[in-house]
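Take a look at the letters that make up each chain.
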Amino acid sequence: MSLDKRSGAFGTDGGSGTIQVSAEAAAAWVAESPVDWITVATGASGNGSGAVFYVVSPFVGGAPARAAKLKVGGIEHVVMQSGYTV
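Described in the following lines is the structure provided in the data block. (Residues numbered from 1 in each chain as written. Predicted model: local features only at pLDDT ≥ 70, side-chain atom pairs only at ≥ 80, totals over all residues. Heavy atoms only, no water.)

## Notes on the overall build of the protein
- Helices and strands together make up the secondary structure of the protein, namely 0 helices and 9 strands.
- Going from the N terminus to the C terminus, the protein shows its helices and strands as β-β-β-β-β-β-β-β-β.
- Considering only C-alpha atoms, the protein reaches an extent of 50 × 20 × 15 Å along its principal axes.
- Counting over 86 residues, the protein shows a buried share of 31%.
- Taking the intrachain contacts of the protein between residues at least 6 apart in sequence as the baseline, contacts between residues at least 24 apart amount to 53%.
- Here the protein displays about 4800 Å² of accessible surface, and carbon together with sulfur accounts for 53% of that area.
- Counting 5 positive and 6 negative side-chain charges, the protein places the averaged centre of each group 5 Å from the other. (Helix = DSSP H or I, 4+ residues; strand = E, 2+ residues; numbered from the N terminus. Buried < 20%, exposed > 50% of the residue type's maximum accessible area, 1.4 Å probe, protein only. Contact = heavy atoms within 4.5 Å. Areas by Shrake-Rupley, 256 points an atom, 1.4 Å probe, with all protein chains shown as cover. Lys, Arg positive; Asp, Glu negative; His and termini not counted. Charge placed at Lys NZ, Arg CZ, Asp CG, Glu CD.)

Below, the structure is given as C-alpha cells:
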C-alpha cells in the first residue's frame, strides 16, 4: 500500500486535503485522525485503491503552529498548520 503524498500544509484558515491510496484489491485500510482539529470527511476506510478527504479546522484565538500524523492503513501523512505570530 502507498499514499500519493506524505504531508500537507495549511494556513491559519484551515482547509481540506485529499490523499490518494494505492493498494491491492483485497487490502483493507482505515484512515484515523489523532486530533480533533483534523476530520476525515470521506474515505475513512476502504478496500483496495481509493481516496481520503480530510478537513483541517481554522485556528480560534492566537494559537501557535501545530502538527499531527493522520494515519492511513498505518502509513503516516503529516498535517502541519501555521499559527499566529505575536
